[in-house]
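Fold and geometry: a report
Residues per chain are reported as follows:
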Amino acid sequence: MKAARAKTPRRPALKKPSPSGQKDPVGVYCRVRPLSRPDQECCIEVINESTVQIHPPDGYRIFRNGEYRETQYSFKEVFGTLVAQKELFDVVAKPLVEDLIRGKNGLLFTYGVTGSGKTHTMTGSPGDGGLLPRCLAMIFNSIGPFQAKRFVFKLDDKNGVDVQCEVDALLERQKRDAMPVPKTPSGKRQIDPEFADMINVQDHCKVEEVDEDNVYSVFVSYIEIYNNYIYDLLEETPFDLIKPKWNNCNTPVRNGDFIPPQSKILREDQNHNMYVTGCTEVEVKSTEEAFEVFWKGQKKRRIANTQLNRESSRSHGVFMIKLAQAPLDADGDNVLQEKEQITLSQLSLVDLAGSERTNRTKAEGNRLREAGNINQSLMTLRTCIEVLRENQMYGTNKMVPYRDSKLTHLFKNYFDGEGKVRMIVCVNPKAEDYEESLQVMRFAEMTQEVEVARPVDRPLCGLTPGRRFRNQAFREELARKLEIRGGPINGGKQENAVFTAETEEQSASEIFLQNFPPLPSCELLDINDDQTLPRLTEVLEERHKLRQKLSEEFAKNVLTFKTVLRELDSNVMSKENYVQGKLSEKEKIITGQKTELERLEKKIKTLEYKIEILEKTATIYEEDKRHLQQELESKSQKLQRQASDKRRLEARLQGMVAETTMKWEKECERRVAAKQLEMQNKLWVKDEKLKQLKAIVTEPKSEKPERPSRERDREKPIQRSVSPPPVPNAPPVRLRHRRSRSAGERWVDHKPPSNLPTDTVMQPHVPHAITVAAASEKALAKCDKYMLTHQELASDGEIETKLIKGDVFKTRGGGQAVQFTEIETLKQESPTGRKRRSSPSNADPPEDAADSEWTDVETRCSVAVEMRAGSALGPGYQHHAQPKRRKP
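Just so it is clear, the model here is predicted, and its values are computed rather than measured.

Analysis parameters
- Within each chain, residues carry numbers counting from 1 in the order of the written sequence.
- Residue-level local features of this predicted model are given only where pLDDT is at least 70; pairs of side-chain atoms are given and counted only at 80 or more, and the full residue set underlies all totals for whole chains, interfaces and linings.
- Side-chain measures here rest on the full set of heavy atoms in the structure, leaving out hydrogens and waters.
- Salt bridges are counted wherever a side-chain nitrogen of Lys or Arg sits within 4 Å of a carboxyl oxygen of Asp or Glu.
- The helix count covers DSSP runs of H or I at least four residues long, the strand count covers runs of E at least two residues long, and both are numbered beginning at the N terminus.
- The buried label goes to any residue with under 20% of its type's maximum accessible area, the exposed label to any with over 50%, and the partly exposed label to all in between, with areas taken from a 1.4 Å probe on protein chains only.
- When DSSP finds two or more bridges between a pair of strands, those strands are recorded as paired.
- Working convention: axes come from line fits to C-alpha atoms, limited for helices to the stretch in contact. Angles between N-to-C directions cover 0 to 180 degrees.
- In what follows, roughly perpendicular refers to angles from 65 to 115 degrees, roughly parallel to angles under 35, roughly antiparallel to angles over 145, and oblique to any angle outside these ranges.
- A clockwise turn of the near helix away from the far one marks a right-handed crossing, whereas an anticlockwise turn of less than a right angle marks a left-handed crossing.
- Residues count as neighbours in contact if any of their non-hydrogen atoms are within 4.5 Å of one another.
- Residues are grouped as follows: Ala, Val, Leu, Ile, Met, Phe, Trp, Tyr, Cys and Pro are nonpolar; Asp, Glu, Lys and Arg are charged; all remaining types, including Gly, are polar.
- Pairing of aromatic rings covers Phe, Tyr and the six-membered ring of Trp, with a centre-to-centre limit of 6.5 Å; geometry is then stacked below 30 degrees between planes, edge-to-face above 60, and tilted otherwise.
- Our working definition of a disulfide is a cysteine sulfur pair at a distance within 2.5 Å.
- Multiplying 1.5 Å by the residue count of a helix minus one yields the expected span of that helix.
- Per-residue confidence from the prediction method is given by pLDDT, with values spanning 0 to 100.
- Distance and chemistry together define a polar contact, namely a pair of N or O atoms within 3.5 Å, with one atom able to donate a hydrogen and the other to accept it when in protein, and with adjacent residues in sequence counting only for side-chain atoms on both sides.
- Distance thresholds for patches are 9 Å for like charges and 5 Å for nonpolar side chains (Val, Leu, Ile, Met, Phe, Trp, Tyr), applied to residues having over 30% relative accessible area and no salt bridge.
- Method for areas: the Shrake-Rupley scheme with a 1.4 Å probe, in which residue coverage is limited to the protein chains shown.

Attention now goes to the pattern of salt bridges. The final tally for this structure, using the stated rule, is 34 salt bridges. Where aspartate 90 meets lysine 86, a salt bridge forms, and the shortest distance between an N and an O atom there is 2.5 Å. With a gap of four residues between them, aspartate 90 and lysine 86 both fall in helix H2 (residues 85–101), about one helical turn apart. Three or more residues joined by partner-sharing salt bridges are found here, namely Lys149, Glu166 and Arg173.

Here it is in structure tokens:
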């Protein structure tokens, strides 16, 4: 069954670093298992307490062309074949248990090839318990007298914990007792003999400094990661092999087939820690009960028989121990009902499945698929370690692929600084495992270079230390005083050390009342009875006196006890302050020295890496130099060939250029001669025309003028830019000015400076006009009319003058606008300049015919001039005109 796909979690926030900013490297230890037969060849040798040497077996040397290379690997500590489980526990696991009780997390996992002793190291064997039972025994030996009752702590579904009051916890216990399901074992039950020898630890190891003002509860869970799916080994799954199962196709499934339980998914809690949702977490109160829960899940774990291991683990087993602790209140009686004061720490013990080669295990079918998933998850673990190492050593920021495997995704918090990480590398020294052991050694040595941030110490609750024992001492002293006075003591020993306030007040009041003299009979049987009341009065007075004495003595004892406590507190506080000051000084010195050592070690590693990179770079450069030299030689030969080809091409091109130059020189000479001949012909024609014109002018007036020939009409006269001046001998003629129809109005005569003088008899003239070269707002404001003098070249080559007139009026914007109304045209013609449209087609076109074609007469003029008041353009004006259309 496939696991439900989880939603992509939000981007995790940055972890809070430790106050000192210190980091600890991953602790890697090596354990060498003994050979199964004395005659086997050994390829691993323990050099000293921190170094092992691995050398290839004989057959491997022959196969590798006689190469013989011994390699040494260093670890934090190496454990040989004769090291006992107790010694391994004291060095590796004991510090993690101490941190667990102090509220810090820890991760311990075994790594190695299949059959190297990982499960034996973690679980142990009968008579020789492994790390897991020893951790449980140390935890319960340390917190045994300070454990809370069941269900005082209650885990929620979001990897958190809550504190319940005594009443709610009692209801939970009663409900549990009423359930028909079998209970977890208690200390009075008989232990299963199958694992009784594993947990029979005689050394009674415990943590020295345990906060006695806290109460503790232990929760355990057991999961396995099989084929990259997470399964709960403590989950109660009803499974009956006799009753047939039905699949989706409504057909029965064979009874022998195993239907796996539903897989679990990973989630991220509010502190960005990963946890398994829906995982069974059992509260345990003793080592035996916790190990029985583990053994129950161990029976469900998947194992198989392979060629290399008779009981090979086919999944990664993860046994998690959670320790919840909370302080007592100020009276030392009840647990504080504040969630902020609860500390939840976790110790994860991981038994990784062994890496294996299928060509050696002869795996097929499901075994082959299991081996592939095991190797893939271990490869992902190696990749994550490599990326972490590279990011820390070289300052890169590559993404660590935690999500590629459920194993690495579950424990990403530990590598991000949520606790200590320890790894035990288990190796089998037999020669057949040489290549696999070599890969394991390289990975382990690389893992040691990864550093994990030191976890933050939990804050103090702020209450007076020693509350539990002071309350217990007060009760014992009160009981002793009452016993000395001869009064009965309410009694019996309590099963637990924690009492409620109501029970204490009730028992103290009963003890206090039982020490008074008994009251006599108060029945009055006779009216004349004068003894009963005086006797009762006497007893009451005695009881009152006794009560006053007890009260005074109790007040004195309280004052004395308070004085002693204050003195003890002041002495303890002064000693603690002195010790703390000394410790802080020593810690600063040690921290500075460690920081300097870490800096120097990092510098050494960086320099070594740079040297290695430089050597590799030099080798690469030598290779590049050799390739470039070869390429340079080939390129030089190619360039020589190209140069010779270029010289041949240049000689060829020079011949072609010389030939082409000579050809064009002859062509130019021919064209120049033709042009000179043409110009001479034209000049002769003009001379002939001038002779004829002279003859016409000088002939007598009585003769009748002859009509010019058609050839003369066909010839185009020479263009003139302006009209010729009048003959000097002619009598002077008085110039006549055309009278405007609106002579009484004020005009603006706009004459652009680009106009040419025409020297004609008739000239445009407007009286009382303001002549300007450019239109301005000031001139337009004084006049009512506007006239623009415009010149253009007519189609026959003569200048044509147009007078464009318009009315001036004011605009809404405060400016002046002109609206054109009419156009007057003054055109100048020459009597000899006309030509017939029906001229022969073979006549030579005049040279400046093209100049006269583009000067077509504009038939319409639409120009508007608007002056805006306050414009930044000064006397600016805008022309809006239609584009000129060319004749086809």
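Once the structure has been displayed, the description carries forward.
Let us look at the pairing of strand E21 (residues 316–327). E21 sits mainly inside the fold: twelve of its twelve residues count as buried. With burial as the criterion, each face of E21 is covered, one bearing His316, Val318, Met320, Lys322, Ala324 and Ala326 and the other bearing Gly317, Phe319, Ile321, Leu323, Gln325 and Pro327. Pairing analysis gives nine bridges linking E21 to strand E22 (residues 343–351), with the strands arranged antiparallel. Within E22, the position partnered with valine 318 by the bridge is valine 350.

Let us now look at the packing of helix H4 (residues 131–143) against helix H6 (residues 287–298). For the pair H4 and H6, the least separation of the axes is 9 Å and the interaxial angle reads 150 degrees. It follows from the interaxial angle that H4 and H6 lie roughly antiparallel. As H4 runs across H6, the sense of the crossing is right-handed. Together, Leu132, Pro133, Leu136, Ala137 and Phe140 of H4 and Thr287, Ala290, Phe291 and Phe294 of H6 make up the contact between the two elements. When grouped by side-chain class, the residues that make up the contact of H4 with H6 number eight nonpolar, one polar and no charged.

On the secondary structure map, isoleucine 101 appears in helix H2. Overall, isoleucine 101 belongs to the buried group, its relative accessible area being 3%. With 245 residues separating them along the chain, isoleucine 101 and glutamine 346 place their C-alpha atoms 9.4 Å apart. Apart from the residues lying within four places of it in its own chain, the contact partners of isoleucine 101 are Ser142, Ile143, Val207, Val210, Leu323 and Gln325.

Taken as a whole, this structure holds ten aromatic pairs when the rule is applied. Within the aromatic cluster, the residues linked to one another by ring pairs are Tyr222, Phe291, Phe294, Trp295 and Phe319.

Read across the open sheet, the three strands follow the order E3-E4-E5; overall the sheet is antiparallel. In this open sheet, the two edge strands, each paired with only one partner strand, are strand E3 (44–48) and strand E5 (71–74). Between one strand and the next, the sheet's axes are offset by a mean angle of 30 degrees, whatever the strand orientation. Here four bridges tie strand E4 (residues 51–54) to E5, and the two strands are oriented antiparallel to one another.

Glancing now at the state of the cysteines. What is meant by a disulfide is a covalent connection between two cysteines, made through their sulfur atoms. Under the criterion given, the structure shown has zero disulfides. Of the cysteine sulfurs around cysteine 42, a residue in no disulfide, the closest is that of cysteine 43, at 6.1 Å. Not part of a disulfide, cysteine 426 finds its nearest cysteine sulfur in cysteine 30, a span of 8.1 Å. A relative accessible area of 1% means that cysteine 426 is categorised as buried.

So, on to the pairing of strand E7 (residues 105–112). Counting buried positions over the eight residues of E7 gives eight, a clear majority of the element. In E7, alternate side chains face the same way, and those of Asn105, Leu107, Phe109 and Tyr111 on one face and Gly106, Leu108, Thr110 and Gly112 on the other are all buried. Bridging between E7 and strand E23 (residues 419–427) involves eight bridges; their strand directions are parallel. By the bridge assignment, asparagine 105 is partnered in E23 with glycine 419. Sheet topology places E7 next to E22; five bridges connect them, and they run parallel. Bridging across to E22, leucine 108 finds its partner in leucine 349.

For H4, built from 13 residues, the straight-helix expectation of 18 Å at 1.5 Å per residue is met to within 8% by its first-to-last C-alpha distance of 19 Å. Of all 13 residues in H4, twelve are buried; the element is thus mostly enclosed. Within the sequence span of H4, burial applies to Leu131, Leu132, Pro133, Arg134, Cys135, Leu136, Ala137, Met138, Ile139, Phe140, Ser142 and Ile143.

The pLDDT averaged across the protein works out to 77; a share of 72% of its residues lies at or above 70. Long-range and interchain partners of residues 1–19, a stretch whose pLDDT sits below 50, account for 34 contacts in this model, where long-range means more than four residues apart. Of the regions scoring below 50 in pLDDT, residues 701–743 engages in 35 contacts with residues more than four places distant in sequence or in other chains.

Phi at phenylalanine 151 takes a positive value of approximately 70 degrees, unusual for a residue other than glycine. As for its position among the elements, phenylalanine 151 is in the loop between H4 and strand E10 (153–155).

This part covers helix H14 (residues 532–698). Under the 1.5 Å per step criterion, the end-to-end length of H14 is only 191 Å for 167 residues, more than 12% shorter than the ideal 249 Å. All buried positions along H14 are accounted for by Thr532, Leu536, Val539, Arg543 and Leu550.

It is worth spelling out the side chain of serine 348 at this point. Examined against the element boundaries, serine 348 turns out to sit in strand E22. Side chain to side chain, serine 348 and glutamine 346 meet in a polar contact 3.1 Å long. A distance of 3.1 Å separates polar atoms of two side chains, one belonging to serine 348 and the other to tyrosine 414. The residues contacting serine 348, other than those within four sequence positions of it, are Gly106, Leu107, Leu108, Phe319, Met320, Phe411 and Tyr414.

Together, Phe474, Leu478 and Phe554 give the surface a local cluster of nonpolar side chains, amounting to about 260 Å² of exposed area. On the secondary structure map, phenylalanine 474 appears in helix H12 (residues 467–484). Classification of phenylalanine 474 as partly exposed rests on a relative accessible area of 38%.

Let us now look at the environment of proline 25. The topology assignment puts proline 25 in strand E1 (residues 23–25). Note: C-alpha distance between proline 25 and arginine 454 (429 residues apart in sequence) is 9.5 Å. Setting aside its immediate chain neighbours within four residues, proline 25 contacts Gln448, Val450 and Glu451.

The subject of this paragraph is the packing of H2 against H4. The contact between H2 and H4 brings their axes to 9 Å, and the two run at 50 degrees. By the criterion of interaxial angle, the relationship of H2 to H4 is oblique. Here H2 and H4 pass one another in a crossing that is right-handed. Every residue of H4 that contacts H2 at Gln85, Lys86, Leu88, Phe89, Ala93, Lys94, Val97, Glu98, Leu100 and Ile101 is listed here: Leu131, Arg134, Cys135, Met138, Ile139, Ser142 and Ile143. Looking at side-chain class alone, the contact of H2 with H4 contains eleven nonpolar, two polar and four charged residues.

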